[in-house]
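Tertiary structure, described
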Amino acid sequence: MENAAPVWPERTAELLEAVRARSPLVQCITNTVVQNVTANVLLALGASAAMVDVPTEAGPFARVADALLVNTGTPHAEPRVASVEAATAAVEHGTPWVLDPVAVGSLPVRTALARDLLAIGPTVLRGNASEVLALLGASAGGRGVDSTAGTDDARAAAVDAAGRLVGAVAVSGPVDLVAGSGAPGWSGTVVRVANGSELLTRITGGGCALGAVIAAFTAVSPEDPGAAAVAGTLVHTVAAELAAADAGGPGTFQPLFLDRLTSLTPEDVLRVARVTEERAA
């Protein structure tokens, strides 16, 4: 049974102010297609990005960064080594980190890498339904970066993994789904975020940048990765929804999205958010 969940917009508004006050440094080991977009989204949010993806540098940097994003979109040899090095160092040092297993399933190199990274213990796992299902061993994956499954298809796997393999699971789709664990309020709870715009799927890096946004929120809510995942998802999708209202298409949407991330207020979040929660059982 679903219920309106006013606590989540309020918590998101608080965490948005915390991100802007702290301006967390997010180390991004991400795919080469989206590096510029990811960096610009983090800057627009009020965080900052460092693309430190070289072995022998990645591990030490993960110890000084406020959060880490590992995205498997273009798993070339050096970034693969750097990903494992950085994730291991992050866990050892207590740096929260997000795993975004882009296009896992049918592609063997990234799938093996993502499973190695999952075993290290991400703070948050973020992906579309096909990616989440493939990584958790429940399907063969989607069509490249595109999901062939809906968020409800991944619901049971996400709930099972949250707290057992990862701190929280964020499944992206027309209505996003977050399963969390550990913190008060998460026992048996699934949160759905119904904000967003189809235009996010019409620009390069719309989903990949969400992983970085969630990473920024984990920096200010490391004790509650589920809240960080909800807040990052909600801020990202509310900004997209507001930008889409003024956009003529994907070409105008992208700069408007960055502008909306920059100008987004806690009051905007409270006014526009469409969030529900339900029992996981």
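Residues numbered from 1 in each chain as written. Predicted model: local features only at pLDDT ≥ 70, side-chain atom pairs only at ≥ 80, totals over all residues. Heavy atoms only, no water.

1. Digging into the packing of helix α9 (residues 225-244) against helix α10 (residues 250-263)
Relative to each other, α9 and α10 sit at 125 degrees, their axes nearing to 8 Å. On the basis of their axis angle, the class for α9 and α10 is oblique. Between α9 and α10 lies a crossing whose hand is right-handed. Seen from α9, the contacting residues are Val235, His236, Ala239, Ala240, Leu242, Ala243 and Ala244; seen from α10, they are Phe253, Leu256, Phe257, Arg260 and Leu261. Its residues placed into classes, the contact of α9 with α10 shows 10 nonpolar, 1 polar and 1 charged. (Axes fitted to C-alpha atoms, helices over the stretch in contact; angles between N-to-C directions. Helix = DSSP H or I, 4+ residues; strand = E, 2+ residues; numbered from the N terminus. Parallel < 35°, antiparallel > 145°, perpendicular 65-115°, else oblique. Left-handed = near helix turned anticlockwise from the far one by under 90°. Contact = heavy atoms within 4.5 Å. Nonpolar A, V, L, I, M, F, W, Y, C, P; charged D, E, K, R; others polar.)

2. Focus: the nonpolar core
The biggest cluster of nonpolar side chains holds 57 residues, and the ones touching the most others in it are Val26, Leu45, Phe217, Phe253 and Phe257. Tallying contributions element by element places α9 first for this core, with 13 residues. In this structure Leu45 touches Leu16, Val19, Arg20, Val213, Ala216, Phe217, Val235 and Leu261, once residues within four positions along its chain are discounted. Ile29, Ala82, Leu113 and Ala162 belong to the second-largest nonpolar core, a separate cluster that totals 35 residues. (Core = buried A, V, L, I, M, F, W, Y, C linked by side-chain atoms within 4.5 Å. Buried < 20%, exposed > 50% of the residue type's maximum accessible area, 1.4 Å probe, protein only.)

3. Here's the deal with the environment of Leu200
Looking at the secondary structure, you find Leu200 in the loop between β9 (189-193) and α8 (206-220). In this structure, the C-alpha to C-alpha distance between Leu200 and Gln254, residues 54 residues apart in sequence, is 8.4 Å. With near-sequence residues (within four places) excluded, Leu200 lies in contact with Gly206, His236, Ala240, Phe253 and Phe257.

4. Re unusual backbone geometry
Although it is not a glycine, Ser23 adopts a positive phi angle of roughly 50 degrees. Along the polypeptide, Ser23 turns up in the loop between α1 (7-22) and β2 (25-29). Under the relative-accessibility criterion, Ser23 is labelled partly exposed at 34%. The phi angle at Ala103 is positive, at roughly 60 degrees, despite the residue not being glycine. For Ala103, a relative accessible area of 6% corresponds to the buried category.

5. As for the environment of Glu277
Mapped onto the elements of the fold, Glu277 is located in strand β10 (residues 275-279). Counting along the chain gives 99 residues from Glu277 to Val178, while the straight-line C-alpha distance between them is 9.4 Å. Among the polar contacts made by the side chain of Glu277, one reaches the side chain of Trp8 at a distance of 2.8 Å. (Polar contact = N/O pair within 3.5 Å; in protein donor to acceptor, adjacent residues only side chain to side chain.)

6. So, the packing of aromatic side chains
All chains considered together, the criterion is met by 1 aromatic pair. A ring pair is formed by Phe253 and Phe257, whose centres lie 5.7 Å apart and whose planes are at 10 degrees; its orientation type is stacked. Note that Phe253 and Phe257 are positioned in helix α10 at a spacing of 4 residues, about one turn of the helix. There is no split in this pair, since Phe253 and Phe257 are both buried. (Phe/Tyr/Trp six-rings, centres within 6.5 Å; stacked < 30°, edge-to-face > 60°.)

7. Considering helix α4 (residues 77-93)
Taking 1.5 Å per residue as the helical rise, α4 with its 17 residues ought to reach 24 Å, and the 25 Å between its terminal C-alpha atoms agrees with that figure. If you check which residues of α4 are buried, you get Pro79, Ala82, Ser83, Ala86, Ala87, Ala89 and Ala90. Angularly, the buried residues of α4 cover 165 degrees about the axis, an arc narrow enough to put them on a single face. Residues of α4 that are buried in the fold lie against β2, α3 (58-64), β4 (67-71), β5 (97-100) and α5 (108-120). Positive backbone phi, at 90 degrees, marks Gly94, one or two positions downstream of α4. (Expected span 1.5 Å × (residues − 1). Arc of directions from axis to C-beta.)

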